[in-house]
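# Residue-level structural notes
Here is what each chain is made of, one letter per residue.
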Amino acid sequence: MYQYSLGWFVDLFVRSIDASDPSSELEVRINNLNQHFAYSLYCNVCRSLFEKDKLLYSFHTCATLQQKEGIVDYTEFRYLLAGGVGLGETPEKPHDAWVSDKMWIEVYQLSTQIPAFEGLHTSFVDNIDEWKKLYDSVGPHNMPLPGEWKDKINTFRKLLILRCLRPGKVTAGVTNYVIEYLGQKFVEPPTLNLEACYNDSSAIMPLVFVLSPGSDPMSSLLKFAEDKKPSCVTVSLGQGQGPIALKAMEEALKDGSWVVLQNCHLAVSWMPALERFVEQELRSGINKKFRLWLTSYPSEHFPVTILQNGVKMTNEPPKGLRTNLLRSYLSDPINDPTFFNNSPKAKQWHTMLFGLCFFHAFLQERRNYGPLGWNIPYEFNESDLRISVRQLQMFINEYPEEIPWKALNYLTGECNYGGRVTDDHDRRTLNTELGQIFCPDILTEGHAFNESKSLIAPKHTNYQGYLKFIKSMPLEVAPEMYGFHDNANITKEVKETTMLLDSLLQTQSQAQGGGSQTREEVIESVRKEVLARMPL
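It should be emphasised that the depicted structure is a prediction, and the values quoted were computed from it without experimental measurement.

The rules we used
- Residues numbered from 1 in each chain as written.
- Predicted model: local features only at pLDDT ≥ 70, side-chain atom pairs only at ≥ 80, totals over all residues.
- Heavy atoms only, no water.
- Helix = DSSP H or I, 4+ residues; strand = E, 2+ residues; numbered from the N terminus.
- Rg over C-alpha atoms; globule rule 2.2 N^0.38 Å.
- Buried < 20%, exposed > 50% of the residue type's maximum accessible area, 1.4 Å probe, protein only.
- Contact = heavy atoms within 4.5 Å.
- Patch = residues over 30% accessible without salt bridge, like charges linked within 9 Å, V, L, I, M, F, W, Y side chains within 5 Å.
- Areas by Shrake-Rupley, 256 points an atom, 1.4 Å probe, with all protein chains shown as cover.
- Salt bridge = Lys/Arg side-chain N within 4 Å of Asp/Glu carboxyl O.
- Lys, Arg positive; Asp, Glu negative; His and termini not counted.
- Charge placed at Lys NZ, Arg CZ, Asp CG, Glu CD.
- Expected span 1.5 Å × (residues − 1).
- Arc of directions from axis to C-beta.
- Polar contact = N/O pair within 3.5 Å; in protein donor to acceptor, adjacent residues only side chain to side chain.
- Pairing = 2+ DSSP bridges.
- Right-handed = clockwise from strand over helix to strand, strands pointing away.
- Axes fitted to C-alpha atoms, helices over the stretch in contact; angles between N-to-C directions.
- Phe/Tyr/Trp six-rings, centres within 6.5 Å; stacked < 30°, edge-to-face > 60°.
- pLDDT = per-residue confidence, 0-100.
- Core = buried A, V, L, I, M, F, W, Y, C linked by side-chain atoms within 4.5 Å.

Here the focus is the overall build of the protein chain. The helix and strand inventory of the protein chain stands at 24 helices and 5 strands. Taken against the 2.2 N^0.38 rule, which gives 24 Å for 536 residues, the C-alpha radius of gyration of the protein chain at 27 Å falls within 12% of a compact globule. Along the first, second and third principal axes, the C-alpha set of the protein chain runs to 80 × 60 × 55 Å. Burial analysis of the protein chain (536 residues in total) assigns 49% to the buried set. Within the protein chain, contacts between residues separated by at least 24 positions form 74% of all contacts whose residues are at least 6 apart in sequence.

This next bit is on a negative patch on the surface. Taken together, the side chains of E250, E251, D255 and E281 define an acidic patch exposed on the protein surface. Considering every element that reaches the negative patch, the biggest residue donor is helix α13 (residues 242-255), with 3 residues. Within the secondary structure, E281 sits in helix α14 (residues 271-281). Its relative accessible area of 39% is what places E281 among the partly exposed residues.

Scanning all chains against the criterion turns up 22 salt bridges. When salt bridges with common partners are traced through the structure, they connect D11, R15, R47 and D200 into a single cluster.

This paragraph deals with helix α21 (residues 424-435). Here α21 spans 16 Å end to end across 12 residues, near enough to the 16 Å set by a 1.5 Å rise per residue. Looking only at α21, the buried set comprises D426, L430, E433 and L434. Down the axis of α21, the sector holding all buried residues measures 100 degrees, keeping them to one side. Exposed and oriented more than 90 degrees from the buried face of α21 are D424 and R428. In this fold, the buried residues of α21 make contact with α18 (346-366) and α20 (405-416). Of the residues flanking the start of α21, the one acting as N-cap is D423, its side-chain oxygen 2.9 Å from the backbone nitrogen of H425.

Turning to the pairing of strand β4 (residues 291-296), a few remarks are in order. The buried fraction of β4 amounts to 6 of the 6 residues, a majority that puts the element mostly inside the structure. Note that strand β1 (residues 207-210) and β4 share 4 bridges and pair parallel. Across the sheet, residue L207 finds its bridge partner in β4, namely W293. As defined by bridge partners, strand β3 (residues 258-262) adjoins β4 across 4 bridges and the pair is classed as parallel. Counted as the bridge partner of L261 is L294 from β4. Handedness of the β-α-β unit built from β3, α14 and β4 comes out right-handed.

Turning next to the environment of E118. Within the secondary structure, E118 sits in the loop between α5 (101-113) and α6 (120-126). Note: C-alpha distance between E118 and Q391 (273 residues apart in sequence) is 63 Å. With near-sequence residues (within four places) excluded, E118 lies in contact with S111, W149 and K152.

The next thing to look at is the sheet that holds strand β5 (residues 311-314). Across a sheet, paired strands are connected by hydrogen bonds in the backbone, their directions being either parallel or antiparallel. The sheet built from 5 strands is open, its strands ordered β2-β3-β4-β1-β5 with parallel pairing. The open sheet terminates on both sides in strands that have one partner only, identified here as β2 (232-236) and β5. Direction aside, neighbouring strands of the sheet carry axes that sit 20 degrees apart on average. In this sheet, β3 lies alongside β2 in parallel orientation, the contact comprising 5 bridges. Along β3, the bridge assignment pairs S236 with Q262. In the packing of α13 onto the sheet, the strands contacted are β2, β3 and β4, and the crossing angle to β3 comes to about 160 degrees.

What follows concerns a nonpolar patch on the surface. Together, L6, F9, V10 and V14 make up a nonpolar patch on the protein surface, roughly 350 Å² of accessible area in all. Within the secondary structure layout, F9 lies in helix α1 (residues 6-19). F9 gets classed as partly exposed once you look at its relative accessible area, which sits at 34%.

With that settled, consider unusual backbone geometry. Of note, the bond from D332 into P333 is cis; its omega dihedral lies within 30 degrees of zero at 5 degrees. Structurally, P333 is set in the loop between α16 (321-329) and α17 (337-340). At N263, a residue that is not glycine, the phi angle is positive and equals roughly 55 degrees.

An ideal rise of 1.5 Å per residue puts 30 Å on 21 residues; α18 measures up with 30 Å between its terminal C-alpha atoms. Counting buried residues along α18, 18 of its 21 residues qualify, which places the element largely inside the surrounding structure.

In this fold, K345 is placed in the loop between α17 and α18. One buried charged side chain, K345, makes no salt bridge at all; its nearest oppositely charged neighbour is E401, positioned 7.9 Å away. A polar atom in the side chain of K345 sits 3.1 Å from the backbone oxygen of P400.

In this section: the packing of aromatic side chains. Within this structure, the stated rule accounts for 43 aromatic pairs. Relative to W8, the ring of Y4 has its centre 5.1 Å away and its plane inclined at 40 degrees; by these criteria the two rings are tilted. W8 gets classed as buried once you look at its relative accessible area, which sits at 16%. Ring geometry for F359 and Y417: centres 5.3 Å apart, planes at 85 degrees, overall edge-to-face. One end of the pair, F359, is in helix α18; the other, Y417, is in the loop between α20 and α21, and 58 residues separate them in sequence. For the pair F359 and Y417, a shared accessibility class is recorded, and that class is buried.

Per-residue pLDDT for the protein chain averages 89, and the proportion of residues at 70 or more is 97%. When mean pLDDT is taken per element in the protein chain, β3 scores highest with 95 and helix α24 (residues 519-533) scores lowest with 74. A low-confidence stretch, residues 510-515 (pLDDT under 50), is modelled with 9 contacts involving residues beyond four sequence positions or located in other chains.

The next thing to look at is the nonpolar core. Core analysis: the biggest nonpolar cluster contains 55 residues, and F59, F117, F124 and W131 have the highest contact counts within it. Broken down by element, the residue count for this core peaks at 7 residues, all from helix α9 (residues 155-165). Beyond its immediate chain neighbours, meaning those up to four positions away, F124 contacts P94, W98, V99, M103, W104, V107, W131 and L165. By size, the runner-up hydrophobic cluster in this structure holds 49 residues, among which are F358, L392, I396 and Y417.

Strand residues, when the strand is regular, have side chains that alternate between the two faces of the sheet. The buried fraction of β3 amounts to 5 of the 5 residues, a majority that puts the element mostly inside the structure. Residues W258, V260 and Q262 point to one face of β3 and V259 and L261 to the other, with burial holding for every one of them.

In structure tokens, the structure reads:
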């Protein structure tokens, strides 16, 4: 589903020419244009990517730019993705128990195969205690390297050392690398904004929601349509629905209304007809108010031309506590000023609303820990939060004397969220966490959401104040926030690193610029080296 046309790319570039800061100095003007276009491209591409691929895109952009500037060598970049080639004998490894055979082999390969790391294995043995501190650290990606390597190695090359010693921290190191070169905003994907997507579209440009398990954009879309006040017709595709959808689109072209075609992946045989309609009927001269909205799971049968020229969007739960909280506060109904301020007990309402949004993020983030988080991976989504928020406000407003804690816990924990939970242990975990939020203690000043008290409930403020508080939170939080030991991160982080590097390896083209070796040249050099070592 990741398809983009050259025309789409050129149109984005032309917009950046108009929107970037002007300057009479050519170099300043080009720099302004490059910065504006890079971030505009990031925002437009990110809204069509799944969460797992957003950091990958930032890293690929950053590394590619630095390769073109000669800062990053392709051989080193390739080594980060695929590792070295084990040829010849390896010196005896240190006898320290924490140094595994695999780690020592990779350190030695890095030392002998990448010129910038010459002598690394010797330094590793001579300063084994300093390297152990790095290995044992909770955040090795934020620690300086031992000895001379602290000043000798840049942020990118540090990723190669992390790959050898602490592969699980490569993803965190990649985040630091992108922030250092491109800036913080390139690791903070913007939340889905239907208004911006609508403004970027036109009557001849369909808008496509790429679905994932648990995501349902229809409620947000219908609310947006209600605000824009067009006539909106929805058709759920399936057997026999093709002619109905076609008739709805033909009528909408005339009166400028909207058509929403749901679940396009279920109408494989009708996709060619949809493609023909888009190519032949969606031309200049039609009613400018017309919009065609499509929803589909990733499918090889979905028309490529629509993907390349349309506005694509994903609606997955964001990754990270901060982004999850921000997404909740920017979504309906919380972002509606009338709804947010519609309570005579504003302090209790706003405090408990923040707690409920934290609970929603807590449930989402525990899924990243596999069986440690939930015995069964449940698809908690925005509809669970939406109905819980409305019920919370209703109970607070209708019971002015005392908040009905038991009713709130039961409705939220057993009905709204708990209705999805089938495992007894998972249900107990969910209700235990909710019981620590929907309780009188949350209304006391300085209430903490975790044992280490690293997240304290914000003081009562307005809507913008809560947004400011959320944006001030760290990008990463310790596993302790979700009730885990620090070691719970190991399996999760190694899995994330493997997925990141494997996915990036698949994106590499055969030809690379800057005078570096191509993929074929690397393979040929390895072939010759293997042949030279084989006995005659």
